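Single-letter residue listing:
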Amino acid sequence: MLCGPAIGFRENFMTNGHYDFIIIGTGAGGGTLLHKLAPSGKRILVLERGDFVKRGLDNWNSRKVNVEGHYNTKETWFDASGKPLHPHTNYNVGGNTKFYGAALFRMRREDFGELRHYDGISPAWPVSYDEMEPYYTAAERLYHVHGRRGEDPTEPWASGDFPHPPVSHETRIRHLAEDFAAQGLKPFHVPLGVKLKEDDRRSECIRCGTCDGFPCLLNAKADAQTCAVEPALAFPNVTLLTNALVTRLETDAAGRRIVAVRVERNGERESYSAETVIVSAGAINSAALLLRSASDRHPRGLANGSDQVGRNYMGHVNSVMLAVSKCPNPTVFQKTLGLNDFYFGADDFPYPMGHISFVGKLDGVTLSAGAPAIAPGFTLDLMARHSLDFWLTTEDLPRPENRVTLDRDGAIVLSYQPNNTEPHRRLQKKLQQLLNAQRKCDVHGGECHQGIFARNLYLAEQIPLAGVAHQNGTLRFGDDPRTSVLDRDCRAHELDNLYVVDGSFFPSSSAVNPALTIMANALRVGDHLLGK
């Protein structure tokens, strides 16, 4: 990997080709932008450091996916103390959307403004929800989102219905929704991106138990590969190179334009150029790429005159909570129910707490990866058959000391201290109280006693940095070049032809999954680029 200082711009360097657009990365941002630009006729080169995920039975193998990390990158990062970190992230066509749970939320309208939290202020965005709304609608169509308007009390206004009806609850989850509603709450169907037709035997999605965290063997998950990249490859002006690792970006002598994209591919070093270069390698790797591209004109890293490149990393305060009872949970496709009643706080706590929904149904094999003795007397398989497996998210706040840097060998160092954790503890307590009052649990509507077991992904397992699925920040956008890296169109303030469209542009993280916002923003930036 090329990590040393720039050797300066050489006017006569060899290039392997010149394009109108180069897009680095094929995930939620890069893949969606490619889909937007492909029909333009412009010459587009797409560089993906990984390859297509191979289809095979390992796609559905819980031990391979959840215990062995078969599909995770094998590279090593480091935490702030220098300890090795093995990130739970994937390099392949479609990026992390190949493995995501396909929960596709719009950020709340209030999330775009300044919000006061327990630990401080969540800053306002330079664009409003109203500006983003048409792109949310377009992204929901592109990614086959299923849902029902009006159920979620925090849902912002929308210009149209979801393109598909909600994914129905299985019996155990439906009873839970009814119990929540009886307690005065507003449970809703989680907006999901799956290619499902529930009453059609030809449906691509079969509601299997290997969706959240797994690559879909049937290509029925609405990921960036199947929904965006592959349709774009039908256009003759689009070229995709896989196994193409971008090592640095080089500028002209004035430092204002990217004139070379350096690539290592199949053991060879290559160089490409374009009128416009778009980076979408994920919030962590995009920041690292700009830092590796330091030069005489950009001594602290490309586009880093503000000293903000790599700073303000966010990934949410997330936890998984198991609610184990004497009655079984035979649900297969569990991730259909959500609660946002405490998103902006409660009568007894005036600060935002966050979002409650489900992970995919856990099994004993998955629990064995990090849950040794949480329930004496239970086998892990038995526990999994009796558990409700919740996912809780609280917004973390941007802090300049939470950041991406490089060590002397060019390896990624991810420094992060969780913040805004008290609201998350309150959210966990709220869920426990709700479940303790819940009675109609089993498929026959009988009563059962709840026992609560929490596994905090940040603290209890002491691997807070490994779970980077919700990574955002690091290259925040804004109107002031002194405090941001990108402008409101996601162009670098200091360069004329460099854009970024992954989650690194977020100035705040909200408390919902970032994927749909990344997709919507990529469509917005695409309109800007085509307008130019």
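As the structure is a prediction and not an experimental result, all values here were calculated from the model.

1. Thoughts on the overall build of the chain
Now for step 1: Within the chain, the secondary structure is distributed over ten helices and 23 strands.
Now for step 2: Each of the three principal axes of the chain carries a C-alpha extent, and together these read 75 × 50 × 45 Å.
Now for step 3: Put simply, the chain has 532 residues, and 60% of those count as buried.
Now for step 4: By sequence separation, contacts in the chain at least 24 residues apart represent 74% of the contacts at least 6 residues apart.
Now for step 5: Surface exposure of the chain reaches about 20800 Å², of which carbon and sulfur atoms provide 50%.
Now for step 6: Averaging the coordinates of the 58 positive side-chain charges in the chain and doing the same for the 61 negative ones gives two points 2 Å apart.

2. Some points on the pattern of salt bridges
Now for step 1: One pass over the full model with this rule turns up 31 salt bridges.
Now for step 2: We note a salt bridge from Arg49 to Glu75, for which the minimum N-O separation is 3.8 Å. Placement of Arg49 in the loop between strand S2 (44-47) and helix H2 (62-67) and of Glu75 in the loop between H2 and strand S3 (77-79) is noted, with a sequence separation of 26 residues between them.
Now for step 3: With a relative accessible area of 21%, Glu75 lands in the partly exposed category.
Now for step 4: The residue Arg109 makes a salt bridge to Asp130 at a minimum N-O spacing of 2.9 Å.

3. A word on the environment of Gly56
Now for step 1: In this fold, Gly56 is placed in the loop between S2 and H2.
Now for step 2: A residue is classified by how much of its surface remains accessible, and Gly56, at 25% relative accessible area, is partly exposed.
Now for step 3: Residues Gly56 and Cys216, 160 residues apart in the sequence, show an inter-C-alpha distance of 9.6 Å.

4. Overview of the side chain of Lys195
Now for step 1: Its location among the elements puts Lys195 in the loop between strand S9 (192-193) and helix H5 (224-232).
Now for step 2: No salt bridge is formed by the buried Lys195. Its closest oppositely charged neighbour is Glu204, at 4.5 Å.
Now for step 3: A polar atom in the side chain of Lys195 sits 3.5 Å from the backbone oxygen of Asn219.
Now for step 4: Of the polar contacts made by the side chain of Lys195, one reaches the side chain of Thr226; its length is 3.2 Å.
Now for step 5: Discounting chain neighbours no more than four positions away, the residues touching Lys195 are His144, Ser203, Glu204, Cys205, Asn219, Ala220, Lys221, Ala222, Thr226 and Cys227.

5. Regarding unusual backbone geometry
Now for step 1: Of note in this structure, Asn243 is not a glycine but carries a positive phi near 55°.
Now for step 2: Tracing the backbone shows Asn243 in the loop between strand S10 (238-241) and strand S11 (244-251).
Now for step 3: On the basis of relative accessible area, Asn243 is assigned to the partly exposed category, the value being 32%.

6. Some remarks on the confidence of the model for the chain
Detailed conclusions should not be drawn from predicted coordinates in areas where pLDDT is low.
Now for step 1: Per-residue confidence for the chain averages 91 on the pLDDT scale, and 90% of its residues sit at or above 70.
Now for step 2: Of the regions scoring below 50 in pLDDT, residues 1-12 engages in 22 contacts with residues more than four places distant in sequence or in other chains.

7. Some words on the packing of helix H3 (residues 129-142) against helix H10 (residues 515-531)
Now for step 1: Their axes nearest at 8 Å, the elements H3 and H10 cross at an angle of 110°. What the angle tells us is that H3 and H10 run roughly perpendicular. Seen from above, H3 lies across H10 with right-handed handedness. On H10, the residues touching Met132, Tyr135, Tyr136, Ala138, Ala139 and Glu140 of H3 are Leu516, Thr517, Met519, Ala520, Asn521, Leu523, Arg524 and Asp527.
Now for step 2: Here the residues of the contact of H3 with H10 sort into nine nonpolar, two polar and three charged.

8. Describing empty space enclosed by the protein
Now for step 1: What the rule picks out here adds up to six cavities of 30 Å³ or more.
Now for step 2: Taken as a whole, the largest cavity holds about 120 Å³ of empty space.
Now for step 3: Arg108, Asp152, Glu155, Phe162 and Pro191 are the residues nearest the centre of the largest cavity, which is lined by 15 residues in total.
Now for step 4: Taken together, the residues that form the lining of the largest cavity break down as six nonpolar, one polar and eight charged.

Reading the values: the criteria
Residues numbered from 1 in each chain as written. Predicted model: local features only at pLDDT ≥ 70, side-chain atom pairs only at ≥ 80, totals over all residues. Heavy atoms only, no water. Helix = DSSP H or I, 4+ residues; strand = E, 2+ residues; numbered from the N terminus. Buried < 20%, exposed > 50% of the residue type's maximum accessible area, 1.4 Å probe, protein only. Contact = heavy atoms within 4.5 Å. Areas by Shrake-Rupley, 256 points an atom, 1.4 Å probe, with all protein chains shown as cover. Lys, Arg positive; Asp, Glu negative; His and termini not counted. Charge placed at Lys NZ, Arg CZ, Asp CG, Glu CD. Salt bridge = Lys/Arg side-chain N within 4 Å of Asp/Glu carboxyl O. Polar contact = N/O pair within 3.5 Å; in protein donor to acceptor, adjacent residues only side chain to side chain. pLDDT = per-residue confidence, 0-100. Axes fitted to C-alpha atoms, helices over the stretch in contact; angles between N-to-C directions. Parallel < 35°, antiparallel > 145°, perpendicular 65-115°, else oblique. Left-handed = near helix turned anticlockwise from the far one by under 90°. Nonpolar A, V, L, I, M, F, W, Y, C, P; charged D, E, K, R; others polar. 1 Å grid on protein atoms, 1.4 Å probe; cavity = no way out; pocket = protein on both sides within 12 Å on 5 of 7 lines; lining within 4 Å. Points joined across faces, edges and corners; volume = space filled by probe spheres on them.

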